[in-house]
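# Report on the structure
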Amino acid sequence: MKLKIAVLPGDGIGPEVTKQAVKVLKAIQELYKHNFEFEEAFVGAIAIDRTGKPLPDETLQLCATSDAVLFGAIGDPKYDNNPDAKVRPEQGLLQLRKELGLFANIRPIKAYDSLIDKSPLKRDIIEGTDMLIYRELTGGIYYGEKKLSEDGTVASDLCEYSQMEIERITHLAFKSAQTRRNKVTLVDKANVLESSRLWRRVVTEIAKGYPQVTLDFLFVDNAVMQLILNPSQFDVVLSENMFGDIISDEGSVIVSSIGLLASASVGNEKALFEPIHGSYPQAKGKNIANPVAAILSAAMLLDHFGLNTEADAIRKAVELTLEYNIVTQDLNVVRNFGTDYVGDTIANSILNNDDTNSY
Ligand code: IPM
Ligand code: MN
């Protein structure tokens with residue numbers, strides 16, 4: 001298959017981990033005889049430094065004319081503690097999601113057997129966890145009107161949703177549940193928020209079209225508790241933008257490191273694949289960041305184009321390196337390996353295409 005992939009490494013550890021994902025995609029390309037074309041562009045703080053804009057026009061143009069986007073991470077501490085900054089790296093990602101119409105962000109949270117004892121949670125709580133978070137990505141409080149009073153003492157962010165915005169992601173979530181354990185849990189705050197009550201009405205109506213799927217509801221405060229008390233109860237978790245952002249970081253505790261969690265952001269036409277972690281500026285350039293989230297995001301990219309055998313080959317190679325403890329320091333403080341080494345091991349394992357190769 002011929003695919004043009006826009007590569008946006010971004011800031012912090014983004015370039016290091018994205019490099020490993022590209023390396024792994026090149027191994028797949030070689031083994032399965034595909035034709036992947038990679039082209040890089042700037043986004044985030046590095047793009048602001050170079051062009052003044054977090055999403056330069058050439059970057060958007062490249063993404064719009066590519067089949068898929070592989071995204072690293074964005075963010076820089078110089079903006080985090082500067083509330084007066086007019087342009088921020090994060091705006092680049094938010095604008096990109098909006099421009100490409102990426103309304104659904106899918107985040108798998110599945111416990112790996114070999115890592116269960118590394119989580120601060122108990123083994124019997126984690127066992128059997130396998131959920132998909134469907135996070136709405138182009139609406140809600142992230143995109144609502146922002147206001148700051150003239151004297152700078154009052155601020156607001158509007159959380160707004162339309163029926164259409166809720167419907168389109170809800171259909172995706174239910175279709176996905178049909179291929180899994182037939183359960184959707186809507187996470188909201190419908191006891192307080194009007195926007196959440198609209199979510200409940202719309203989702204309840206759509207659920208009637210999927211009679212084999214059970215729908216249940218959780219208020220977000222209860223949901224974050226349930227997520228670490230009994231994570232295996234969840235199959236597909238559906239949520240608006242900000243709640244979805246928050247619960248997915250919490251989900252990383254179940255798999256033991258946020259450095260393992262991948263995501264796919266999809267719309268009607270375009271798709272972008274990115275680790276859920278941030279730019280981890282403290283680790284930048286140290287070759288210690290976990291590349292697995294970026295590599296698994298590349299696997300989700302392949303799945304998106306129906307290359308499931310190839311995606312499975314990546315996941316199998318990742319599982320092997322985890323089993324053999326070829327991991328970065330977030331997973332093993334005593335004996336660990338560099339970002340590059342982990343990436344090489346996964347790529348080589350794919351190329352050798354067997355599980356008997358010795359490490
Ligand atoms: C994520 C990130 C982003 C978000 C930030 C960097 C804007 O936290 O992808 O989860 O909040 O969506
Ligand atoms: Mn986040």
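None of these values were measured; they are calculated from a predicted model.

## Section: the UniProt feature "binding site: Mg(2+)" (unreviewed entry) in the chain
Per the UniProt record, the feature "binding site: Mg(2+)" (unreviewed entry) sits at Asp221, Asp245 and Asp249. As for its position among the elements, Asp245 is in helix H10 (residues 241-255). Taking the number of C-beta atoms within 10 Å as the measure of exposure, Asp245 has 18 and is therefore partly exposed.

## Looking at the site of ligand 1
All residues adjacent to ligand 1 are Ile74, Gly75, Glu90, Leu93, Asp245, Ile276 and Gly278. Residue composition of the shell around ligand 1, by class: three nonpolar, two polar and two charged.

## Details of the sheet that holds strand S12 (residues 271-275)
Ordered by their spatial adjacency, 10 strands build an open sheet running S2-S1-S3-S12-S11-S4-S5-S10-S8-S9, and the pairing between neighbours is mixed. For this open sheet the edge positions go to strand S2 (35-40) and strand S9 (214-219), each flanked by a neighbour on one side alone. Along the sheet, successive strands turn relative to each other by an average axial angle of 25°, direction set aside. One ladder, built from three bridges, connects strand S4 (residues 104-110) with strand S11 (residues 262-266); its direction is antiparallel. Across the sheet, residue Ala104 finds its bridge partner in S11, namely Val266.

## Details of the confidence of the model for the chain
Taken residue by residue, the chain gives an average pLDDT of 96. The fraction at 70 or more is 98%. Prediction confidence for the complex, expressed as pTM and ipTM, is 0.96 and 0.99 respectively.

## A few points about the domain arrangement of the chain
The domains assigned to the chain are domain 1 (1-103 + 261-359) and domain 2 (120-255). With centres defined by C-alpha atoms, the gap from domain 1 to domain 2 works out at 24 Å. Contacts between domain 1 and domain 2 engage nine residues on the former and 11 residues on the latter. Here the side of domain 1 that touches domain 2 takes three residues from helix H5 (residues 89-99), the largest share from any one element. Split into classes, the residues belonging to the side of domain 1 that touches domain 2 amount to five nonpolar, two polar and two charged.

## With respect to the nonpolar core
Counting 105 residues, the largest nonpolar core has Val24, Leu70, Tyr134, Ile295, Ala298 and Ile314 as its most contacted members. Looking at this core element by element, the count peaks at 10 residues for helix H11 (residues 292-304). Counting contributing residues, this core receives three or more from each of domain 1 (1-103 + 261-359) and domain 2 (120-255). Those residues within four positions of Leu70 in sequence are excluded, and the remaining contacts are Ile5, Val7, Thr18, Ala21, Phe273, Ser297, Ala298 and Leu301.

## Describing unusual backbone geometry
One non-glycine residue with positive phi stands out, namely Asn287, at about 60°. Among the structural elements, Asn287 can be located in the loop between S12 and H11. Under the C-beta neighbour-count criterion, Asn287 is labelled partly exposed, with 15 such atoms within 10 Å. Positive phi, close to 65°, is recorded for Asn325, a residue that is not glycine. Along the polypeptide, Asn325 turns up in the loop between helix H12 (308-323) and helix H13 (339-352).

## Concerning the environment of Arg97
With respect to the element layout, Arg97 can be found in helix H5. For Arg97, a count of 23 C-beta atoms within 10 Å gives the class buried. C-alpha of Arg97 to C-alpha of Thr138: the two residues are 41 residues apart in sequence and 6.5 Å apart in space. Non-local contacts of Arg97, meaning those with residues more than four positions away in its chain, are made with Leu102, Leu137, Thr138 and Ser265.

## Digging into H5
Counting along an α-helix, one turn takes 3.6 residues, and residues three or four places apart therefore face a common direction. Within H5, the full set of buried residues consists of Pro89, Gly92, Leu93, Leu96 and Arg97. Projection of H5 onto a plane perpendicular to its axis shows the buried side chains occupying an angular sector of 125°, all on one side. Of the surrounding secondary structure, the elements contacted by the buried residues of H5 are helix H2 (45-51), helix H3 (57-64), helix H4 (77-80) and S11. Gly101 occupies a position one or two residues after H5 and carries a positive phi of about 65°.

## Examining the pairing of strand S8 (residues 183-188)
Counting buried positions along S8 gives five out of six residues, so the element sits mostly inside the fold. When S8 meets S9, the two strands line up parallel, connected through six bridges. Bridging from a neighbouring strand, Leu186 pairs with Phe217 of S9. Handedness of the β-α-β unit built from S8, helix H8 (residues 194-207) and S9 comes out right-handed. As paired strands, S8 and strand S10 (residues 236-239) are joined by four bridges and run parallel to one another. Note on S10: the bridge partner recorded for Val187 is Ser239.

Definitions and limits used
- Residues numbered from 1 in each chain as written.
- Chains lettered and ligands numbered in written order.
- Predicted model: local features only at pLDDT ≥ 70, side-chain atom pairs only at ≥ 80, totals over all residues.
- UniProt positions renumbered as here; feature names shortened; annotations may be inferred.
- Helix = DSSP H or I, 4+ residues; strand = E, 2+ residues; numbered from the N terminus.
- Buried ≥ 20, exposed ≤ 12 C-beta atoms within 10 Å, placed from the backbone.
- Near = placed C-beta within 6 Å.
- Nonpolar A, V, L, I, M, F, W, Y, C, P; charged D, E, K, R; others polar.
- Pairing = 2+ DSSP bridges.
- Axes fitted to C-alpha atoms, helices over the stretch in contact; angles between N-to-C directions.
- pLDDT = per-residue confidence, 0-100.
- Domains from an automatic or database assignment.
- Contact = placed C-beta atoms within 7 Å.
- Core = buried A, V, L, I, M, F, W, Y, C linked by C-beta atoms within 7 Å.
- Arc of directions from axis to C-beta.
- Right-handed = clockwise from strand over helix to strand, strands pointing away.

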